[in-house]
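Fold and geometry: a report
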Amino acid sequence: MRKIFKAFSGFLLSAALISAIAGGCVTTPETGRTQLMLLDARTELKLGADAYRDILKKSKISQDRRLTGIVRKVGWSIARVTGRSDYKWEFNLIENKTPNAFALPGGKVGINTGILSIAKNEAGLSAVMGHEVAHAIARHGAERMSQSLLIALGGELLAQGMGQNQRQRQGIRAAYGIGSAVAFTLPFSRSNELEADYMGLLYMARAGYDPREAKRFWARFARYSREKGKNSTPEFLSTHPADANRIRQIDGMMAQALKEYERSGKLGVGEEIMGTSKKRFVEVP
Ligand SMILES: [Zn+2]
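Computed from a prediction, not measured in an experiment: that's the story for all the values here. (Residues numbered from 1 in each chain as written. Predicted model: local features only at pLDDT ≥ 70, side-chain atom pairs only at ≥ 80, totals over all residues.)

The subject of this paragraph is the overall build of the protein chain. In terms of helices and strands, the protein chain carries twelve helices and five strands. Out of the 285 residues belonging to the protein chain, those deemed buried represent 36%. Within the protein chain, counting contacts between residues at least 6 apart in sequence, those at least 24 apart form 71% of the total. (Helix = DSSP H or I, 4+ residues; strand = E, 2+ residues; numbered from the N terminus. Buried ≥ 20, exposed ≤ 12 C-beta atoms within 10 Å, placed from the backbone. Contact = placed C-beta atoms within 7 Å.)

Here is the structure:
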């Protein structure tokens, strides 16, 4: 009887697994990739909004009107070209020397003041924001959670089928991270990063910013990290290595991005952010 029950629960879980995969696939915008999606959009947006409120509560929001204005200007210009007018976009500049930036589901964007000098100008900032916004639009966070959920389901299947007793089953569950918050802490996969680079580059170009500045931004970031020394690599760079590989891949996307740029209102690199120069519409040779 026990055996039959075990087999049956195993069957139910497999059925749950198969229907989850079959019913839980969506297509990412811009790249048309099929992705596993077990998290519904409503839950995802709520998680994003909750997390954003938490972060803002713990942060010091910048009172610098000029810098906040630039962040919102660049942010909105990216938001407009994503086609997600249903998102409740928010852009906040956070007083924090650590160079970092993020975008949560639903268009909740945070920029640390520490990244502004590396962004250098509006186009550099649009490269960061385009990339981060792309993660949100392509639902990479929810995709990663879905993958973890699938692995957890697979682990549960294994626990039910293989675990001879409660202790063994617990062991298998633990090994698969069932019920753990691992999904929230892991960095994005390389393929998610590549996709965000591609989409972000198209967004910045469509918004009118010279996409070639993206390459210069990554180079500046790599230099910043080298100067800081190995032990103090900023979090953003540790999850977004600005290595030769990344730069080369961005090179491969440039022709497409430049086509978008040609069709745009062409703002060049925009206004200098940190310097004394407030030149506008600087065209890059
Ligand atoms: Zn990224």
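Now that the structure has been shown, the text picks up again.
Moving on to the packing of helix 5 (residues 122-137) against helix 9 (residues 190-206). Axis separation between helix 5 and helix 9 bottoms out at 7 Å; the angle between their running directions is 125 degrees. In terms of axis orientation, helix 5 runs oblique to helix 9. For the element pair helix 5 and helix 9, the recorded crossing hand is right-handed. From helix 5, Ala-123, Ser-126, Ala-127, Gly-130, His-131, Val-133, Ala-134, His-135 and Ile-137 reach across to helix 9, where they touch Ala-196, Asp-197, Met-199, Gly-200, Leu-201, Tyr-203 and Met-204. (Axes fitted to C-alpha atoms, helices over the stretch in contact; angles between N-to-C directions. Parallel < 35°, antiparallel > 145°, perpendicular 65-115°, else oblique. Left-handed = near helix turned anticlockwise from the far one by under 90°.)

A separate point is the sheet that holds strand 3 (residues 90-94). The strand order across the open sheet built from three strands is 3-5-4, with neighbouring strands paired in mixed fashion. The open sheet terminates on both sides in strands that have one partner only, identified here as strand 3 and strand 4 (101-104). Across the sheet, the axes of successive neighbouring strands diverge by a mean angle of 15 degrees, strand direction being ignored. Packed onto the sheet, helix 3 (residues 65-82) meets strand 3 and strand 5 (108-112) and runs at close to 145 degrees relative to strand 3. Of the strands in this sheet, strand 4 and strand 5 touch helix 5, which is tilted by about 30 degrees from strand 4. (Pairing = 2+ DSSP bridges.)

This next bit is on the packing of helix 3 against helix 5. Look at helix 3 against helix 5: their axes get within 9 Å of each other, and the N-to-C directions meet at 50 degrees. When the interaxial angle is binned, helix 3 and helix 5 end up oblique. Taken as a pair, helix 3 and helix 5 cross one another with a handedness that is right-handed. For the pair helix 3 and helix 5, the contacting residues are Ile-70, Val-74, Gly-75, Ile-78 and Thr-82 in the first and Glu-122, Leu-125, Ser-126, Met-129, Gly-130, Val-133 and Ile-137 in the second. For the contact of helix 3 with helix 5, the class distribution of residues is seven nonpolar, four polar and one charged. (Nonpolar A, V, L, I, M, F, W, Y, C, P; charged D, E, K, R; others polar.)

Attention shifts here to the pairing of strand 5. In terms of residue burial, strand 5 counts as a mostly covered element, since five of its five residues are buried. By the alternation rule, side chains of strand 5 split into Lys-108, Gly-110 and Asn-112 and Val-109 and Ile-111, which are all buried. In this structure, strand 3 lies alongside strand 5, joined through five bridges in parallel fashion. Paired with Asn-92 across the two strands is Gly-110, which belongs to strand 5. As judged from the four bridges shared by strand 4 and strand 5, these two strands associate in the antiparallel manner. Bridging from a neighbouring strand, Ala-103 pairs with Val-109 of strand 5. Connecting the antiparallel pair strand 4 and strand 5 is a turn made up of three residues, with Gly-106 showing a positive phi of about 95 degrees.

With 20 residues, helix 12 (residues 244-263) ought to run about 28 Å at 1.5 Å a step, and its terminal C-alpha atoms sit 29 Å apart, in line with that. Buried residues of helix 12: Ile-250, Ala-257 and Tyr-261, and no others. Each element contacted by the buried residues of helix 12 is listed here: helix 9 and helix 10 (212-228). (Expected span 1.5 Å × (residues − 1).)

As a further point, take the nonpolar core. One finds Val-133 and Met-204 to be the most contacted residues of the largest nonpolar core, which totals 50 residues. For this core, the element with the most residues is helix 5, which contributes nine residues. When residues no more than four places from it in sequence are discounted, the contact partners of Val-133 are Ile-78, Thr-82, Ala-103, Val-109, Gly-200 and Tyr-203. (Core = buried A, V, L, I, M, F, W, Y, C linked by C-beta atoms within 7 Å.)

The subject of this paragraph is helix 3. For helix 3, spanning 18 residues, the distance from its first C-alpha to its last is 26 Å, which sits close to the expected 26 Å at 1.5 Å a residue. Taken residue by residue, helix 3 has Ile-70, Val-71, Val-74, Gly-75, Ser-77, Ile-78, Ala-79 and Thr-82 as its buried positions. Check the buried side of helix 3 and you find it contacts strand 3, strand 5, helix 5 and helix 9. At the C-terminal side of helix 3, Gly-83 shows a positive phi close to 80 degrees.

By themselves these figures say nothing about function.
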